[in-house]
Amino acid sequence: MTSMSLVATQEPDSPQVAEDRTQAIRDHLRDAIVDRRLAPGTKLTEVEVGSLFKVSRTMARSALQMLSFEGLVRIERNRGAFVANPDPEEARQVFAARRLVEPGIASEACARATPRDLARLRAHLTDERRHMDLRGPNARRAEIKASGEFHLLLAAAAGNQIMHRFMEELIARSSLVIALYGRSGASSCGHDEHGGIVAALERRDAASVQALVLRHIDHIEADLDLRQGTTTSLKAALSALSPS
């Protein structure tokens, strides 16, 4: 069963069902954008989204508006919706925001991370290494997604739900920037840096964690070369979803 088939084929009969289904469509589209199956600039029409998910144009429009609020979709008057295509200045601003936000998250994580949080981070490092050892067309995509998830686990360890939501947007936007401008995406260097961050967390060394996080963000941004990515169709991107 694909992720698309998880969306019911009948129109909702209550506001809550409609909201849940709209959120599900938003999640599927968001994953396709963040996972780089939908490239920056790809057009997302309400008719096509509605047809693929077997919902009304109104519901499709609501899902696209949700993505627009997150900065992942750009809605243009009389032209429609497009996967956001951040310019170099916006790319710099995304990483500038991360430099302002993530050191504070790291400091809070040092103070508040539980043994369970640390165990989850350690387990995630193992998953990252496994992704790096994989081969095939989807290996790099999985590696990059795992790298982003590390930063969300770090935010979760800080215990601030509002900041975690903000980090979700920043990581999603970072993935979009990397999709457009990244030379190599995630790397063993990035994985090793994640390991250093976790080790400093375990020592409760806030100053070291903050410095390591900033250095890591610098390395990610240094991998950007401003080259344009390629586009793919909405149908092809969603059909690439792995069976669940």
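Structure's up top.
Note that this is a predicted model, so its numbers are computed, not measured.

Analysis parameters
The residue count restarts for each chain, going from 1 along the sequence in the order it is written. Only residues with pLDDT of 70 or above have their local features reported here, since the model is predicted, and side-chain atom pairs are shown and tallied only from 80 upward, although totals for entire chains, interfaces and linings are computed over all residues. To obtain the side-chain values, all non-hydrogen atoms of the structure were included, while hydrogens and water were left out. Runs of E in the DSSP output that reach at least two residues are strands. Runs of H or I that reach at least four are helices, and both are numbered from the N terminus. Type-normalised accessible area, obtained with a 1.4 Å probe on protein chains alone, sets the label of each residue: buried when under 20%, exposed when over 50%, and partly exposed for intermediate values. In this analysis, two residues are considered to be in contact whenever any of their non-hydrogen atoms come within 4.5 Å of each other. Methods summary: accessible areas were calculated by the Shrake-Rupley approach with a probe of 1.4 Å, and residue burial reflects only the protein chains presented. The length a helix should cover is 1.5 Å for every residue beyond the first. Here the bend at a residue is taken as the angle between two axes, fitted respectively to the seven residues that end there and the seven that start there. We call a set of buried residues a nonpolar core when its members are Ala, Val, Leu, Ile, Met, Phe, Trp, Tyr or Cys and they connect through side-chain atoms within 4.5 Å of each other. N or O atoms within 3.5 Å of each other form a polar contact, as long as, within protein, one can give a hydrogen and the other can take it, and as long as residues adjacent in sequence are counted only when both atoms are side-chain atoms. By the convention used here, strands pair only if DSSP detects at least 2 bridges between them. Lines are fitted to the C-alpha atoms to define the axes, a helix being fitted only along its stretch in contact, and any angle between axes, read from their N-to-C directions, falls within 0 to 180 degrees. It is the directions from the helix axis to the C-beta atoms that the arc portrays.

A. Layout of the overall build of the chain. The helix and strand tally for the chain stands at 10 helices and three strands. Taken from N to C terminus, the helices and strands of the chain fall in the order α-β-α-α-β-β-α-α-α-α-α-α-α. Going through the 244 residues of the chain one by one, you find that 44% of them count as buried. Within the chain, contacts between residues at least 6 apart in sequence are counted, and of these 78% link residues at least 24 apart. Here the chain displays about 12300 Å² of accessible surface, and carbon together with sulfur accounts for 52% of that area.

B. Quick look at helix α4 (residues 88-112). Look at α4: 36 Å from first C-alpha to last across 25 residues, which is about the 36 Å you get at 1.5 Å a residue. By the largest-angle criterion, Val101 marks the main kink of α4, which is about 25°, and a proline, Pro103, follows within four residues. Where α4 is concerned, the buried positions are Ala91, Val94, Phe95, Arg98, Val101, Glu102, Pro103, Ile105, Ala106, Ala109 and Cys110.

C. Looking closely at the nonpolar core. Grouped together as the largest cluster of nonpolar side chains are 35 residues, with contacts concentrated most on Phe95, Ile105, Met167, Val177, Leu201, Val209 and Val213. The biggest single contributor to this core is α4, with eight residues. Ignoring anything within four residues of it in the chain, the contact list for Met167 reads Val101, Glu102, Ile105, His151, Leu152 and Ala155. Ranked by size, the runner-up nonpolar core spans 23 residues in total, among them Ile25, Leu52, Val73 and Val83.

D. Spatial organisation of the environment of Lys43. Considering the arrangement of structural elements, one finds Lys43 in strand β1 (residues 43-44). Between the alpha carbons of Lys43 and Ala81 there is a distance of 5.9 Å; along the sequence they are 38 residues apart. Other than its neighbours up to four places away in sequence, Lys43 contacts Arg79, Ala81 and Phe82. Looking at Lys43, its side chain comes within polar contact range of the main-chain oxygen of Arg79, at 3.1 Å.

E. The sheet that holds β1, seen in detail. With antiparallel pairing, three strands are arranged side by side in an open sheet as β1-β3-β2. Looking at which strands have only one partner, the edges of the open sheet turn out to be β1 and β2 (73-76). Against the sheet, helix α3 (residues 57-69) makes contact with β1, β2 and β3 (80-83), and its axis sits at roughly 115° relative to β2, the strand it touches most.

F. Just the side chain of Arg30, in detail. Within the element layout of this structure, Arg30 appears in helix α1 (residues 15-34). With relative accessibility at 13%, the residue Arg30 sits in the buried group. Within polar-contact distance, the side chain of Arg30 engages the backbone oxygen of Glu168 at 3.1 Å. With residues up to four places along the chain from it excluded, the contact list for Arg30 reads Leu67, Glu70, Leu72, Glu168, Glu169 and Ala172.

G. Just the pairing of β3, in detail. Where β1 and β3 come together, two bridges link them in antiparallel fashion. Considered in β3, the bridge of Lys43 is made with Phe82. Where β2 meets β3, four bridges bridge the pair, whose relative direction is antiparallel. Paired with Ile75 across the bridge in β3 is Ala81. Linking two consecutive strands that pair antiparallel, namely β2 and β3, is a turn of three residues; a positive phi of about 65° is found at Asn78 within it.

H. Seen up close, the side chain of His124. Mapped onto the elements of the fold, His124 is located in helix α5 (residues 115-133). Each residue touching His124, except ones within four places of it in the same chain, is listed here: Ala146, Glu149, Phe150 and Leu153.

I. Expanded view of helix α9 (residues 206-222). In this model, α9 (17 residues) spans 24 Å end to end at C-alpha, consistent with the 24 Å of a helix rising 1.5 Å per residue. Among the residues of α9, Val209, Val213, His216, Ile217, Ile220 and Glu221 are the ones counted as buried. Each buried residue of α9 lies within a common arc of 135° when the element is viewed along its axis, so the set occupies one face. Turned more than 90 degrees from where α9 packs its buried face, Ala207 and Ala222 sit exposed.

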